[in-house]
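What follows is each chain in one-letter form.
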Amino acid sequence: MCGIVGIAAKKEFSSSFLLERLKRLEYRGYDSYGYYDTKNLEKFVGEVVVTGDNHTKLGVAHTRWATHGGVTVENAHPHVSCDGRIIIVHNGIIENFAELKKELIIQGHRFSSQTDSEVIAHYFESKLKHKDIKQVMVEFFRQAQGTFAVLVMIKGDEKLYALKKDSPMVLGLCKGMNMLASDIYAFSDLTDKAVFFENNEFAIITESSWKFFDKNGKAINKSIKKIEWENEEKERAKKKDYKHFMLKEIEDEPGVVKRMLFSMDNEQKQVFNKVIKLIKSSKKIVFAACGTSYHASLLGAYYLHQVGVEAQTLIASEFKHYANIDKDTLVIAISQSGETMDVIDALKYAQEKKARIISIVNVLYSSIQRMSELSINILAGQERAVPSTKAFVNQATLLLRICQELGYKVNLSNLADKIKALLEQKEDIKKLAEQIAESKDAYIIGRGLTYPVAREIALKIKETAYIHAEGMMGGELKHGTIALIEEGTPVISLVNINDPDIISNTKEVEARGAGVIMITNNPALRKEKNTVYIHTDNDGKFGILAAIAGQLITYYAADYLGRPIDKPRNLAKSVTVK
Ligand code: F6R
């Protein structure tokens, strides 16, 4: 994963400015960070701290999500070559780094980190002895295997060199400076003009010029994209005094649901209608997604089955092993970030098989959006907390809206108000969450439509509260897992009034001493102990609202335990490695 930034400016800027830009990308990784500004090389373990008034016209910075090598200052970027002339930052993985490193060691290079990335600095130093920088970049594309967005600085040279293959990179054309970054959020308050790198391209950037080349060194023309920022910047500005972004983002849900639904009838109406048409004309639908987005896709498959559409959903990292697709298949990628490497790989496989591709994303101009024939934006606004909440709600609601168009009976006009009403129960939910917080394990059970929701709640609890949780089909418990239920084991049961079999599964665990929390839309159960009541008799809406109740339970359990809610350990928001 990792986030990278490089700035070439007409006037001097401070290291704080550079780090402020990096901070905007911190959700891509937050193990360690560092920067180089032509005079100073600074590296630290931990989250980005925006400070310092070193001044420079050129600099690069990096925030790391460790892959090769532990979380140490030595492994933090930038990495520097032996002679100190080459400084690099890298996002991605150089798969054949060991091979390249071996050769460089024979030449006398000494390495000071355990990373794969350091090899890039030494590689450039070695090759630059005999070749010019353009030739070295062309050669790098030939020799380096894996994925990379790399920024290279050469001491005494006032340019930035940028190379991209499979890891995201974009150039922001800002007033008085050009800024390279892993994504557009680095400069969303500074410009609405950007140039996106495609795979196998490199660029030479100065404060006032940018030249792009293909991997063979042939100059290419690139177009400038004008970006709509309105929502992003407004959302940043309205960050109130929440203790955590996660709670703020849960509370944003009524607003973002409304915005997305409105958009399907207005500015995104055309693309929405095309998507419906394509679904109707496809022989089968296969979703590709990971994590929370995968759970949304499971809901999508459920809704589609309700309206008679053949649909399947696959975890993107396993896509090529299980997908049976051809030109009559419609592959729907769901991804909040639009950059998840596993999803990108699944789409490459879909392209090989000539399947048609559409996507549901939250980040405009993302790689997945750009790989799709049609793409719908869920308009959830930037999610800053690593645990995804409002994006899931908008993904699921959009899938429901699509199925409504295909005949699924649901009134979505009051969904935002129903979410608001649920959020008003947060003090009661907080008390329930504290019961879970005391436990080592938790089980969440659902059936049919609430099975994906059970899995989503379990994922949220694991990643945010660090409590082991399993989300499963209620009917499956008795086939083994019930052996783990003991006196007091917490079980969250998603009791949908239209699927009463879950009541028997709930009773089965209760009889064995489980501490049951019910999330239900059954009015007859409303007054039961430890119950969150959701006022809707519609299955589709119940699923979404039950997931939100789960988000609140998770949030309050994690807060009770003092977890670093917005940045759980070992995670990153945008997962751009395999
Ligand atoms: C969990 C979470 C992750 C992501 C997953 C896919 O809260 O956010 O499980 O859902 O990494 O990411 P996207 O949706 O960006 O493809």
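No experiment lies behind these values; they were computed from the predicted model shown.

1. Considerations on the site of the ligand
Consideration 1: The immediate surroundings of the ligand are formed by 15 residues, with Ser293, Ser335, Ser337, Thr340 and Glu463 found nearest.
Consideration 2: Between Ser335 and the ligand, the recorded distance is 2.6 Å, taken from a side-chain N or O atom to an oxygen atom.
Consideration 3: Thr340 is positioned such that a nitrogen or oxygen atom in its side chain is 2.5 Å from an oxygen atom of the ligand.
Consideration 4: Its free accessible area being 400 Å², the ligand has 89% of it covered by the protein chains.
Consideration 5: Within the residue set of the shell around the ligand, elements represented by two or more residues are helix 9 (291–306) and helix 16 (450–465).
Consideration 6: Split into classes, the residues belonging to the shell around the ligand amount to five nonpolar, eight polar and two charged.
Consideration 7: Composition of the shell around the ligand by domain shows at least three residues from each of domain 2 (231–413) and domain 3 (424–572).

2. Some details on the sheet that holds strand 18 (residues 329–335)
Consideration 1: Strands sit in the order 17-16-18-19-20 across an open sheet of five strands; the sheet is parallel. In this open sheet, the two edge strands, each paired with only one partner strand, are strand 17 (311–315) and strand 20 (374–377). The mean angle between the axes of side-by-side strands here comes to 20°, regardless of whether they run parallel or antiparallel.
Consideration 2: Here strand 19 (residues 356–361) pairs with strand 20 via four bridges, running parallel.

3. Some words on the pairing of strand 8 (residues 160–165)
Consideration 1: Judged by how many residues are buried, strand 8 sits mostly within the fold: five of six residues are covered.
Consideration 2: Both strand 7 (residues 146–154) and strand 8 contribute to a ladder of four bridges, which runs antiparallel. In the strand pairing of strand 8, Leu151 is matched with Ala162.
Consideration 3: Between strand 7 and strand 8, which follow one another and run antiparallel, lie five residues, and Gly156 among them has a positive phi close to 85°.
Consideration 4: Alignment of strand 8 against strand 12 (residues 201–205), held across five bridges, turns out to be antiparallel. From the neighbouring strand, Lys164 faces strand 12, where its bridge partner is Glu201.

Conventions used here
Position labels on residues start from 1 in each chain and follow its written sequence. Owing to the predicted nature of the model, reporting of local features is limited to residues with pLDDT of at least 70; listing and counting of side-chain atom pairs is limited to 80 or more, with chain, interface and lining totals taken over all residues. Computation of side-chain values: all heavy atoms of the structure, hydrogens and water removed. Nearness of a residue to a molecule or strand requires only that one of the residue's heavy atoms be within 4 Å of it. Here a polar contact is recorded for every N or O atom pair within 3.5 Å, except that within protein the pair must consist of a potential hydrogen donor and a potential acceptor, and residues adjacent in sequence are included only if both atoms are side-chain atoms. Here the accessible surface of atoms and residues is derived via Shrake-Rupley with a 1.4 Å probe, and residues count as covered only by protein chains that are part of the display. Labels follow the DSSP assignment, with helices taken as runs of H or I lasting at least four residues and strands as runs of E lasting at least two, numbered in each case from the N terminus. Classification used: nonpolar for Ala, Val, Leu, Ile, Met, Phe, Trp, Tyr, Cys and Pro, charged for Asp, Glu, Lys and Arg, polar for all others including Gly. In this entry, domain limits derive from an automatic or database-based domain assignment. For two strands to count as paired, DSSP must find a minimum of two bridges between them. Every angle, taken between N-to-C directions, lies between 0 and 180 degrees, and every axis is a line fitted to C-alpha atoms, over only the stretch in contact when it is a helix. Burial here depends on accessible area, computed with a 1.4 Å probe over protein chains only, as a share of the maximum for the residue type. Under 20% is buried, over 50% is exposed, and the range in between is partly exposed.

Shape is all these values report; function is a separate question.
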